[in-house]
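Here are the chains, one letter per residue:
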Amino acid sequence: MEMIRDIMTDQVESCSLLDNVYEVAVKMKELNVGAVPIVDSEKLVGMITDRDIVLRCVAEKHPASSKVEDIMSSHLVTVTRDTEAREAARLMAEHQIRRLPVVEGDKLVGIVSLGDFAVRHLTDDQAGEALTDISKHETEAQH
């Protein structure tokens, strides 16, 4: 039984509530990532994805200087290091998300993405199922 601690990324870059959307977008570009956790005094308070920036900022004609609080998702699905990988994959599929923050209490300690599952032999089927479910729902939502 594989646990999240075995596959998660524990070196996670984040932004704070003091950053604006432009600064988050620059960090995404520099790190070549599609999501950045938002922390306040080490407490995970939100997440901003590239999709959030497009839909909640650009498409609504908000300036790039907008506060991250206005754009970020604050209702997060999280897991702990001791969550089973299969359960994390199920949560990702159920909630249509590609990344799960890993927390210890309220503190961000890592992140797990579909890519992390894909590189692990034991969880290829789980990642494939989660990606299929997420992609299916995204396609349905676009039509």
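Everything discussed here concerns the structure shown above.
What comes next is a walk through the structure. Treat the numbers as computed from the prediction; the structure is a model and nothing was measured.

Parameters and conventions
All residue numbers refer to position in the chain's written sequence, counted from 1. The predicted origin of the model limits local features to residues at a pLDDT of at least 70 and limits the giving and counting of side-chain atom pairs to 80 or more, whereas totals for whole chains, interfaces and linings rest on all residues. As a convention, hydrogens and water are excluded, and side-chain values are obtained from all of the structure's heavy atoms. Secondary structure counts use DSSP, requiring at least four H or I residues in a row for a helix and at least two E residues in a row for a strand, with both numbered from the N terminus. Remark: exposure states derive from per-residue accessible area (1.4 Å probe, protein chains only) relative to the maximum for the residue type, with buried under 20%, exposed over 50%, and partly exposed in between. Residue contacts are counted whenever heavy atoms from the two residues lie within 4.5 Å of one another. For every accessible area listed, the method is Shrake-Rupley and the probe measures 1.4 Å; residues are considered covered only by the protein chains on display. Here a cavity means grid points, on a 1 Å grid over the protein atoms only, where a 1.4 Å probe fits yet cannot get out; a pocket means an open set of points with protein on both sides within 12 Å along at least five of seven lines; lining residues are those with an atom within 4 Å of a point. Grid points are joined across faces, edges and corners, and a volume is the space filled by probe spheres set on the points. The residue classification treats Ala, Val, Leu, Ile, Met, Phe, Trp, Tyr, Cys and Pro as nonpolar and Asp, Glu, Lys and Arg as charged. All others, Gly included, are polar. The pairing criterion for strands is at least two bridges between them, as found by DSSP. To obtain the arc, one takes the directions from the helix axis to the C-beta atoms.

What to know about the overall build of the chain
And step 1. When helices and strands are counted, the chain shows seven helices and five strands.
And step 2. The helix and strand sequence of the chain, counted from the amino end, reads α-β-α-β-β-α-α-α-β-β-α-α.
And step 3. In the chain, which comprises 143 residues, the proportion classed as buried is 38%.
And step 4. In the chain, once contacts between residues fewer than 6 apart in sequence are set aside, the share between residues at least 24 apart is 54%.
And step 5. Accessible area for the chain stands at about 8600 Å²; split by element, carbon and sulfur atoms hold 48% of it.

Considerations on the layout of surface pockets
And step 1. Of the pockets and cavities examined, the second largest pocket occupies roughly 210 Å³.
And step 2. Lining the second largest pocket, in full, are T9, Q11, V12, E13, L31, V33, G34, A35, V36, P37, R99 and I111.
And step 3. Examining the composition of the lining of the second largest pocket, we find that three residues originate from one element, strand β2 (residues 35-40), more than from any other.
And step 4. When the residues that make up the lining of the second largest pocket are grouped by side-chain class, the tally is seven nonpolar, three polar and two charged.

Structural notes on the environment of S74
And step 1. Locating S74 in the fold gives a position in the loop between α4 (68-71) and α5 (85-95).
And step 2. On the accessibility criterion, S74 (45% relative accessible area) is partly exposed.
And step 3. Residues S74 and I38 lie 36 residues apart in sequence; the distance between their C-alpha atoms is 9.1 Å.
And step 4. Residues contacting S74, with those up to four places away along its chain left out, are V45 and G46.

Concerning unusual backbone geometry
And step 1. Unusually for a residue other than glycine, E42 sits at a positive phi of about 70°.
And step 2. For K61, which is not glycine, the phi torsion reads 60° and is therefore positive.

With respect to α5
And step 1. For α5, the complete set of buried residues consists of A85, A88, A89, L91, M92 and A93.
And step 2. Directly after α5, the chain includes Q96, whose backbone phi takes a positive value near 60°.

A few points about the pairing of strand β4 (residues 99-104)
And step 1. Strand direction decides the pairing type here: β4 and strand β5 (residues 107-113), joined by six bridges, are antiparallel. Following the sheet pairing, L100 is matched in β5 by V112.

Remarks on helix α3 (residues 50-58)
And step 1. Considered for burial, the residues of α3 that qualify are D52, I53 and C57. When α3 is viewed along its axis, its buried side chains cluster within an angular range of 95° and face the same direction.
And step 2. Contacts made by the buried residues of α3 are with α2 (21-31), β3 (43-49) and α4.

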